[in-house]
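Remarks on the overall topology
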Amino acid sequence: DTEVTQTPKHLVMGMTNKKSLKCEQHMGHRAMYWYKQKAKKPPELMFVYSYEKLSINESVPSRFSPECPNSSLLNLHLHALQPEDSALYLCASSQDWPFYNEQFFGPGTRLTVL
Amino acid sequence: GENVEQHPSTLSVQEGDSAVIKCTYSDSASNYFPWYKQELGKGPQLIIDIRSNVGEKKDQRIAVTLNKTAKHFSLHITETQPEDSAVYFCAAILNYGGSQGNLIFGKGTKLSVKP
């Protein structure tokens, strides 16, 4: 089963709200990723967790706060977002990082910031 | 760092024809090259990949070729069907250095297959 699940599918939030995106995989993968994808653009890497530790933070603003409670779950906490943060947020996982390369993506959460 | 160029940005073919999408990469140390298909409203789906020790790989109607000397790789889809319509992304991965293990994507190709 090569499935990564994400909830919610859609999220609308105001600039003062706090919300969280959730991601789950049951493939036994030890690396998980958050990507941001704007319309008609490729995904942009935000964070990489390897063995539940943050390994990469691609200079993402602090209003995005990742969390990896265990090897199957990945959260992205959102606070005080800006309208330009509206995008598709994708979660992915791979067997390991950085040497096992096949990354499997979830369906994404479509985020709209008003 | 690695840079991946992808062409064309849009491609329209008749059902049954072949489609070819080409990518070039800049860092000769890159050693893994996946292709992703993204349908509207969905996440990218890994459809085929190739490693630097292989020149060609096939999976039914899809094939990928790699020319390490020229630093380019291509996706070939034969007997295209309307359900092949999607955005296709190529990517490259470096397995050492500051960006090791991170996917570097091309800008994508929107493929339209006309019935």
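Up top is the structure these notes are about.
The sections below set out a description of the structure shown in this document. (Residues numbered from 1 in each chain as written. Chains lettered and ligands numbered in written order. Predicted model: local features only at pLDDT ≥ 70, side-chain atom pairs only at ≥ 80, totals over all residues. Heavy atoms only, no water.)

The next thing to look at is the nonpolar core. Ranked by size, the top nonpolar core spans 24 residues in total, and within it Trp35, Phe73, Leu75, Tyr88 and Leu111 of chain B carry the most contacts. At the level of secondary structure, the elements contributing two or more residues to this core comprise strand S2 (10-14), strand S3 (19-25), strand S4 (32-38), strand S5 (45-51), strand S7 (62-67), strand S8 (72-77), strand S9 (86-93) and strand S11 (109-114) of chain B. When near neighbours in sequence (up to four residues on either side) are disregarded, Tyr88 of chain B contacts Gln6, Ile21, Tyr36, Lys37, Ile47, Leu75, Ile77, Gly108, Thr109 and Leu111 of chain B. If you look at the next biggest cluster of nonpolar residues, it comprises 22 residues, including Leu11, Met13, Leu21 and Leu81 of chain A. (Core = buried A, V, L, I, M, F, W, Y, C linked by side-chain atoms within 4.5 Å. Buried < 20%, exposed > 50% of the residue type's maximum accessible area, 1.4 Å probe, protein only. Helix = DSSP H or I, 4+ residues; strand = E, 2+ residues; numbered from the N terminus. Contact = heavy atoms within 4.5 Å.)

With that settled, the discussion passes to the state of the cysteines. Considering all chains together, one arrives at 2 disulfides over all chains under this definition. Note on cysteine connectivity: Cys23 of chain A is disulfide-linked to Cys91 of chain A, with sulfurs 1.9 Å apart. Linking Cys23 of chain A and Cys91 of chain A, the disulfide has an S-S dihedral of approximately -70° and is accordingly described as left-handed. Within this pair, whereas Cys23 of chain A is found in strand S3 (residues 18-25), its partner Cys91 of chain A is found in strand S9 (residues 87-94), the two being separated by 68 residues in sequence. Of the two residues, Cys23 of chain A and Cys91 of chain A, both sit in the buried class. Shown here is the disulfide that connects Cys23 of chain B with Cys90 of chain B, its sulfur atoms set 1.9 Å apart. In this structure the cystine formed by Cys23 of chain B and Cys90 of chain B twists about its S-S bond by roughly -100°; its chirality is therefore left-handed. (Disulfide = S-S within 2.5 Å.)

Turning to the pairing of S3 of chain B, a few remarks are in order. All names here are of chain B. Only one face of S3 is buried: it carries Ala19, Ile21, Cys23 and Tyr25, and the other face, with Val20, Lys22 and Thr24, is open. Relative to S3, strand S1 (residues 4-7) is paired through 4 bridges, and the arrangement is antiparallel. Bridging across to S3, Gln6 finds its partner in Cys23. Relative to S8, S3 is paired through 6 bridges, and the arrangement is antiparallel. Looking across to S8, one finds that Cys23 is bridged to Phe73. (Pairing = 2+ DSSP bridges.)

Time to look at the sheet that holds strand S1 (residues 4-7) of chain A. All names here are of chain A. Read from one edge to the other, the open sheet built from 4 strands follows the order S1-S3-S8-S7, with strand pairing classed as antiparallel. Lying at the two open borders of the sheet, with one neighbouring strand each, are S1 and strand S7 (64-70). Strand-to-strand twist in this sheet, taken as the mean axis angle between neighbours without regard to direction, amounts to 20°. (Axes fitted to C-alpha atoms, helices over the stretch in contact; angles between N-to-C directions.)

All names here are of chain B. The strand order across the open sheet built from 5 strands is S1-S3-S8-S7-S6, with neighbouring strands paired in antiparallel fashion. Strands at the two margins of the open sheet, each flanked by one partner only, are S1 and strand S6 (56-59). Taken over all neighbouring pairs, the strand axes of this sheet differ in orientation by 15° on average, direction set aside. Pairing of S7 with S8, which is carried by 6 bridges, proceeds in the antiparallel orientation. Across the sheet, Leu66 pairs through a bridge with Phe73, a residue of S8.

What follows covers the interface of chain B and chain A. Chain B puts 20 residues into the contact, and the matching count from chain A is 21 residues. For the pair chain B and chain A, the summed buried area comes to about 1,600 Å², and 54% of that belongs to carbon and sulfur atoms. The partner of Glu102 of chain A in a salt bridge is Arg51 of chain B, with the nearest N and O atoms 2.7 Å apart. Counting every contact that joins chain B to chain A gives 4 residue pairs in polar contact (both at pLDDT 80 or more). When residues of the side of chain B that touches chain A are traced back to their parent elements, those giving at least two are S4, S5, S9 and strand S10 (103-105) of chain B. Classifying every residue of the side of chain B that touches chain A gives 8 nonpolar, 8 polar and 4 charged. (Buried area = accessible area lost by both parts, 1.4 Å probe. Salt bridge = Lys/Arg side-chain N within 4 Å of Asp/Glu carboxyl O. Polar contact = N/O pair within 3.5 Å; in protein donor to acceptor, adjacent residues only side chain to side chain. Nonpolar A, V, L, I, M, F, W, Y, C, P; charged D, E, K, R; others polar.)

On to the side chain of His29 of chain A, then. Residues and elements named next belong to chain A. Here His29 is to be found in the loop between S3 and strand S4 (31-37). One polar contact links His29 to Ser93, side chain to side chain, over a distance of 2.8 Å. Not counting residues up to four positions away in its chain, the partners in contact with His29 are Ser71, Ser93, Ser94, Gln95 and Phe104.

These figures come from the coordinates and say nothing about function on their own.
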